Amino acid sequence: MANLVYKRVSTDQQSTARQDLVLDEAGIEDPVVFEEDPGTSSRLHPLQRPKFHELLTYARPGDTVHISEMFRLVRGNQHILDVLDVLHRDRLALRIHDGAFSAMDLTARHPRTGELLSTVKFMVQTLAAAGELQRDLQRELTYDGLRAAEAKGSKGGRRPAVAAETTGAVRTAYLEGRSIAALARDHGVSRGAIRTAVADLLPEHPAADPDAPAPELPVTLDMPGKVADFLRAVDLEPVERAALDQGTTVRRGQGVPAVPAQRKARREYENRVSTLAPIGP
């Protein structure tokens, strides 16, 4: 008896990460995965989708079809009933691991007529109708929001990329210490567009040529304010003065915030030091 896993996302901007998590937690043994190409519409009848059709062709009586939630497979009432009829015809079990349908036995049928139990059919139709209502309301609210934004002069879609004629100026300004956020405001584009324009200059970007020198980036000085002020007042070598002038002084408490684990480790360290510290007479 095989375990057949079916996965689908509605757009090519989505991923199956949530579905993977639910299915992994289910502990399915030796799963055979059938995943639709990204962007396979939910409006397309499940029996007409390439990968689900392939799953039904592969399946044998007694196999179990696993999905993370019902709406990954079907949407409308008739789609659900059609799929349940096909699964019953091919003697396949259906296991839903998340959502309202996960608590129901959708394969329950009348022992004499073989038809889907009326109570199961009623619940399936009710929950499917609720799902359709939620999706339609979301579509209507999205449309109304776009209309309201257009009335205020806002245009939908992505903000424009950095123009070719200004790319050089953006890269030069970034190397001189200008922040990505500031450059985005200056040029009226998104931060992502700026990052794309300076992608090979970002600190985390690996050098394309290992022998090529790394680009010179602004120096960040993380030190108490009084020390920084003192250094600016004393005589320094030209190289030291240039580094100090090009850098940014980060005052105490204004640097990159520590993650919770770091803060917890610091508190534990301070408590341990306080406990072990000798008590004065």
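A. Inspection of the pairing of strand β2 (residues 31-35) at higher detail. In this sheet, β2 lies alongside strand β1 (residues 3-7) in parallel orientation, the contact comprising 5 bridges. Across the sheet, the residue bridging to L4 is V32, located in β2. For the crossover from β1 across helix α1 (residues 17-25) to β2, the handedness is right-handed.

B. Quick look at the pattern of salt bridges. Inspection of every chain in the model, using the stated rule, returns 9 salt bridges. Measuring nitrogen to oxygen at the nearest pair gives 3.4 Å for the salt bridge that ties E69 to R18. Here the residue E69 occupies a position in the loop between β3 (64-67) and α3 (77-89), and R18 occupies one in helix α1, the gap between them amounting to 51 residues. With a relative accessible area of 46%, R18 lands in the partly exposed category.

C. Highlighting the environment of G39. Mapped onto the fold, G39 is located in the loop between β2 and α2 (50-58). Taking the C-alpha atoms as reference, G39 lies 3.7 Å from T11; in sequence the two are 28 residues apart. In contact with G39, other than residues within four places in its own chain, are V9, S10, T11 and D12.

D. Spotlight on the pairing of strand β4 (residues 93-96). Side-chain alternation along β4 places L94 and I96 on a buried face and A93 and R95 on a face that remains uncovered. Pairing of β3 with β4, which is carried by 4 bridges, proceeds in the parallel orientation. Directly across from V65, in β4, lies its bridge partner L94.

E. Geometry of the side chain of H66. Tracing the backbone shows H66 in strand β3. Note on H66: relative accessible area 8%, which makes it buried. Apart from the residues within four sequence positions on either side, H66 is in contact with N3, L4, V5, Y6, I28, R95 and H97.

F. Up close: α3. Compared with the 18 Å implied by 1.5 Å per residue over 13 residues, the 19 Å span of α3 between its first and last C-alpha is a close match. Of all the positions in α3, only H79, I80, L81, V83, L84, V86 and L87 are classed as buried. Residue R91 follows α3 closely and has a positive phi angle near 55°.

G. Local environment of the sheet that holds β3. With respect to topology, 4 strands assemble into an open sheet ordered β2-β1-β3-β4, the strand pairing being parallel. Strand pairing shows two members of the sheet lacking a second neighbour, β2 and β4, which therefore form its edges. In this sheet, adjacent strand axes meet at a mean angle of 25° when their direction is disregarded. As paired strands, β1 and β3 are joined by 3 bridges and run parallel to one another. Its bridge partner being in β3, N3 is matched across the sheet by T64.

H. Seen up close, the layout of surface pockets. Approximately 480 Å³ is the volume attributed to the largest pocket. The wall of the largest pocket is formed by 15 residues, among which S10, R72, R75, R135 and Q138 lie closest to the centre.

I. Just the environment of V198, in detail. Among the secondary structure elements, V198 is positioned in the loop between α7 (191-197) and β5 (220-222). Considered as a pair, V198 and T167 are 31 residues apart in the sequence and their alpha carbons are 8.5 Å apart. Ignoring anything within four residues of it in the chain, the contact list for V198 reads V170, R171 and Y174.

J. The arrangement of the packing of helix α5 (residues 167-175) against helix α6 (residues 180-187) in detail. At a closest axis distance of 10 Å, the pairing of α5 and α6 adopts a crossing angle of 150°. One way to sum up the angle between α5 and α6 is to call them roughly antiparallel. Along this stretch, α5 crosses α6, giving a crossing that reads as right-handed. Across the interface between the two elements, V170, A173 and Y174 from α5 touch I180, L183 and H187 from α6. Of the residues that constitute the contact of α5 with α6, the class distribution is 5 nonpolar, 1 polar and no charged.

About the thresholds
Residues numbered from 1 in each chain as written. Predicted model: local features only at pLDDT ≥ 70, side-chain atom pairs only at ≥ 80, totals over all residues. Heavy atoms only, no water. Pairing = 2+ DSSP bridges. Helix = DSSP H or I, 4+ residues; strand = E, 2+ residues; numbered from the N terminus. Right-handed = clockwise from strand over helix to strand, strands pointing away. Salt bridge = Lys/Arg side-chain N within 4 Å of Asp/Glu carboxyl O. Buried < 20%, exposed > 50% of the residue type's maximum accessible area, 1.4 Å probe, protein only. Contact = heavy atoms within 4.5 Å. Expected span 1.5 Å × (residues − 1). Axes fitted to C-alpha atoms, helices over the stretch in contact; angles between N-to-C directions. 1 Å grid on protein atoms, 1.4 Å probe; cavity = no way out; pocket = protein on both sides within 12 Å on 5 of 7 lines; lining within 4 Å. Points joined across faces, edges and corners; volume = space filled by probe spheres on them. Parallel < 35°, antiparallel > 145°, perpendicular 65-115°, else oblique. Left-handed = near helix turned anticlockwise from the far one by under 90°. Nonpolar A, V, L, I, M, F, W, Y, C, P; charged D, E, K, R; others polar.

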